[in-house]
Amino acid sequence: MSQYIIEGGKSLCGSVRVQGAKNSALPILAACVAVGAPCVIHNCPELSDIGCTIRILRSLGCEVHRSAGTVSVDGSCITDASIDDALMREMRSSIIFLGALLSATGEAVMSAPGGCDIGLRPIDLHLAAMRKLGIKVTERHGKIRCTCKRVRGNKITLSFPSVGATENIILASVRASGVTTIINAAREPEIVDLAMFLNSCGARISGAGESTVIIEGVERLRSVQYAIMPDRIAACTYMSAAAVTGSSVIIEDVIPAHLVPVFSTYEQMGCRLEAAGSKIRITAPKRLSAPEIIRTMPYPGFPTDCQALVMSAAAVADGVTFINENIFENRFRHTSELCRMGADIRVYDKLAVVRGVESLQGACVNATDLRAGAALVVAGLCAEGVTTVNSIQYIDRGYDSLEENLTSLGARIRRND
Ligand code: EPZ
């Protein structure tokens, strides 16, 4: 079982380049199936989730080549519309292939993705939307079968601005007959990136990033080269690393506008943030102040994916922080591991009360999910002594070169495979 060994207490300096966004790359690679022509995707992060996505693309008959951060996908030769169970279980966000396969073949067969460490992760909104688009959906024996002659555009109101459901509706309706309107769509930047990719292929999508998205179905899409946007959650991870170590660090290749939902939190903690072009310099105080209240919300609210990363900072801040996790029902699993490092955190259902301590102590802790694992690495950077983070395969799902990047900033972190 792979682990990180981190020697805490080192201040950081220098600059770090942020990877391409995992949560953009996954839907855009799946979208290549809907495009049905060869596409080249640049700035694709090297992650285990990307590896799984490439295996799914190949299992569907796509020709895929990867060279460093560039992945070329030829979706013009789909030979299969079903994704096998093992691949669906390996990465539950494979559900994003549903809409793309329906656009390309009028059919999709996959197992229910099931829950994960942070929650049940239902897909009722996805399937209800597919039915509204004239798609026949059956769910039997753990399998989801979707078929239609041709997707028919319709008006769909989401009861919750689900990111995945919004993406699946866009992917299913991009080549539909007629117009699809999504009311209460997710507004995350990853939705905008997906729409920009598809529009560069000739799609007609407007309103992405707003609550109402309109997709005018087109007959066909064309080949394109496209670069994935920067990963705002990875950027927040490095911001937290600088914050807990009292450092001044430059984070490069970011879109500062995407980080506005977290800026005020870091400023409340006493950090100075200077944005210039695609760079952000964060300068942290010797001791952080508690940000007091954090409520995770759909974008443009505070992102749930940054909750654990900011909790690690709040754990050593001066004061008490109240963190409300409103998106996922089981996204406080890192708190028990942080308490093992000396943090003072109490959890009451959706609320975590974090009383900052002077310092954390290094300990042996376990990553329980992607962002929880990253939060433990951040905590290890400022803890006294050595921290061992186990089960870092979770971290490999979403971070490209995390230990190399932190080492380049002066952290003492090494990987034991
Ligand atoms: C995406 O997950 C991201 N994953 C998540 O990032 C992110 O935390 C989440 O959006 C919220 O921003 C990818 O993009 C691959 P949702 P997704 O559908 O699409 C409920 C990370 O760490 N819901 O917006 O699954 C659901 O249970 C990952 O990078 C339904 O009830 O998120 C949850 O409570 C973790 N029914 C809420 O909506 C549905 O049909 C938000 O889910 C769908 C969702």
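Details of the structure are given in the entry above.
Residues numbered from 1 in each chain as written. Predicted model: local features only at pLDDT ≥ 70, side-chain atom pairs only at ≥ 80, totals over all residues. Heavy atoms only, no water.

## A few points about the side chain of Thr283
And step 1. By the element assignment, Thr283 lies in strand 16 (residues 279-283).
And step 2. Polar contacts involving the side chain of Thr283 include one to the side chain of Ser248, which spans 3.0 Å.
And step 3. Here Thr283 is in contact with Ser247, Ser248, Gly270, Cys271, Arg272 and Glu274, once residues within four sequence places are set aside. (Helix = DSSP H or I, 4+ residues; strand = E, 2+ residues; numbered from the N terminus. Polar contact = N/O pair within 3.5 Å; in protein donor to acceptor, adjacent residues only side chain to side chain. Contact = heavy atoms within 4.5 Å.)

## Remarks on the sheet that holds strand 7 (residues 136-140)
And step 1. Read from one edge of the open sheet, three strands run 6-8-7, paired in antiparallel fashion. At either margin of the open sheet sits one strand with a lone partner, and together these are strand 6 (107-111) and strand 7. For this sheet, the mean inter-axis angle between neighbouring strands, taken without regard to orientation, is 10°.
And step 2. Of the strand pairs in this sheet, strand 6 and strand 8 (residues 143-147) are connected by five bridges, and their pairing is antiparallel. By the bridge assignment, Ser111 is partnered in strand 8 with Lys143.
And step 3. Helix-sheet contacts for helix 4 (residues 97-105) involve strand 6 and strand 8, and the interaxial angle to strand 6 is about 150°.
And step 4. Contacts between helix 5 (residues 124-132) and the sheet are confined to strand 7 and strand 8, with strand 7 contributing the most and set at about 145° to the helix. (Pairing = 2+ DSSP bridges. Axes fitted to C-alpha atoms, helices over the stretch in contact; angles between N-to-C directions.)

## A word on the sheet that holds strand 5 (residues 70-74)
Think of a sheet as strands paired side by side through backbone hydrogen bonds, with each pair either parallel or antiparallel.
And step 1. Spatially, 4-5-3-13 is the arrangement adopted by the four strands of the open sheet, whose pairing is mixed. Because the sheet does not close on itself, it has two edges, and the strands there are strand 4 (63-67) and strand 13 (224-227). Adjacent strand axes in the sheet meet at a mean angle of 15°, parallel and antiparallel pairs treated alike.
And step 2. Across four bridges, the pairing between strand 3 (residues 38-42) and strand 5 is antiparallel. If you follow Cys39 over to strand 5, its bridge partner there is Val73.
And step 3. Across the sheet, helix 2 (residues 48-59) touches strand 4 and strand 5, and the angle it forms with strand 4 is around 155°.
And step 4. Across the sheet, helix 7 (residues 189-200) is in contact with strand 3 and strand 13; its angle to strand 13 comes to roughly 160°.

## Some thoughts on the pairing of strand 16
In regular strands, side chains alternate between the two faces of the sheet.
And step 1. Alignment of strand 14 (residues 248-252) against strand 16, held across five bridges, turns out to be antiparallel. The residue of strand 16 that forms the bridge with Ile250 is Arg281.
And step 2. Inspection of the sheet shows strand 15 (residues 272-276) paired to strand 16 by five bridges, in the antiparallel sense. By the bridge assignment, Arg272 is partnered in strand 16 with Thr283.
And step 3. From the end of strand 15 to the start of strand 16, which pair antiparallel, there are two residues, and Gly277 there has a positive phi angle of about 60°.

## Here's the deal with the site of the ligand
And step 1. By nearness alone, 23 residues border the ligand, and Asp124, Ser162, Gly164, Asp305 and Ile327 come closest of all.
And step 2. Contact between the ligand and Pro122: an oxygen atom at 3.2 Å from a main-chain N or O atom of the residue.
And step 3. For the ligand, an oxygen atom lies 2.8 Å from a polar atom in the backbone of Val163.
And step 4. For the ligand, whose accessible area on its own is 830 Å², the fraction buried by protein is 85%.
And step 5. Among the elements of the structure, helix 1 (22-35), helix 5, helix 6 (163-173) and helix 12 (370-382) are those that each provide at least two residues to the shell around the ligand.
And step 6. Split into classes, the residues belonging to the shell around the ligand amount to nine nonpolar, six polar and eight charged.
And step 7. In terms of domain composition, the shell around the ligand takes at least three residues from each of domain 1 (3-19 + 230-416) and domain 2 (22-227). (Near = heavy atom within 4 Å. Areas by Shrake-Rupley, 256 points an atom, 1.4 Å probe, with all protein chains shown as cover. Nonpolar A, V, L, I, M, F, W, Y, C, P; charged D, E, K, R; others polar. Domains from an automatic or database assignment.)

## Some words on the side chain of Ser111
And step 1. You can see Ser111 is positioned in strand 6.
And step 2. The buried category is assigned to Ser111, whose relative accessible area is 2%.
And step 3. Within polar-contact distance, the side chain of Ser111 engages the side chain of Asp85 at 2.9 Å. (Buried < 20%, exposed > 50% of the residue type's maximum accessible area, 1.4 Å probe, protein only.)

## Section: the pattern of salt bridges
And step 1. One pass over the full model with this rule turns up 20 salt bridges.
And step 2. Between Arg89 and Asp85 there is a salt bridge, with the nearest N and O atoms lying 3.1 Å from each other. Of this pair, Arg89 and Asp85 both sit in helix 3 (residues 85-90), separated by four residues, roughly a single helical turn.
And step 3. Classification of Arg89 as exposed rests on a relative accessible area of 64%. (Salt bridge = Lys/Arg side-chain N within 4 Å of Asp/Glu carboxyl O.)

## Here we look at the packing of helix 6 against helix 7
And step 1. Running from N to C, helix 6 and helix 7 point in directions that differ by 10°, and their axes come no closer than 10 Å. Taken together, the axis directions place helix 6 and helix 7 in an arrangement best described as roughly parallel. Where helix 6 approaches helix 7, its residues Val163, Thr166, Glu167, Ile170 and Leu171 are matched on the opposing element by Glu190, Ile191, Leu194 and Leu198.
And step 2. Counted by class, the contact of helix 6 with helix 7 contains six nonpolar, one polar and two charged residues. (Parallel < 35°, antiparallel > 145°, perpendicular 65-115°, else oblique.)

## Some words on helix 8 (residues 232-244)
And step 1. Compared with the 18 Å implied by 1.5 Å per residue over 13 residues, the 19 Å span of helix 8 between its first and last C-alpha is a close match.
And step 2. The buried fraction of helix 8 amounts to 13 of the 13 residues, a majority that puts the element mostly inside the structure.
And step 3. N-cap assignment for helix 8: the residue whose side-chain oxygen lies 2.9 Å from the backbone N of Ile233 is Asp231. (Expected span 1.5 Å × (residues − 1).)

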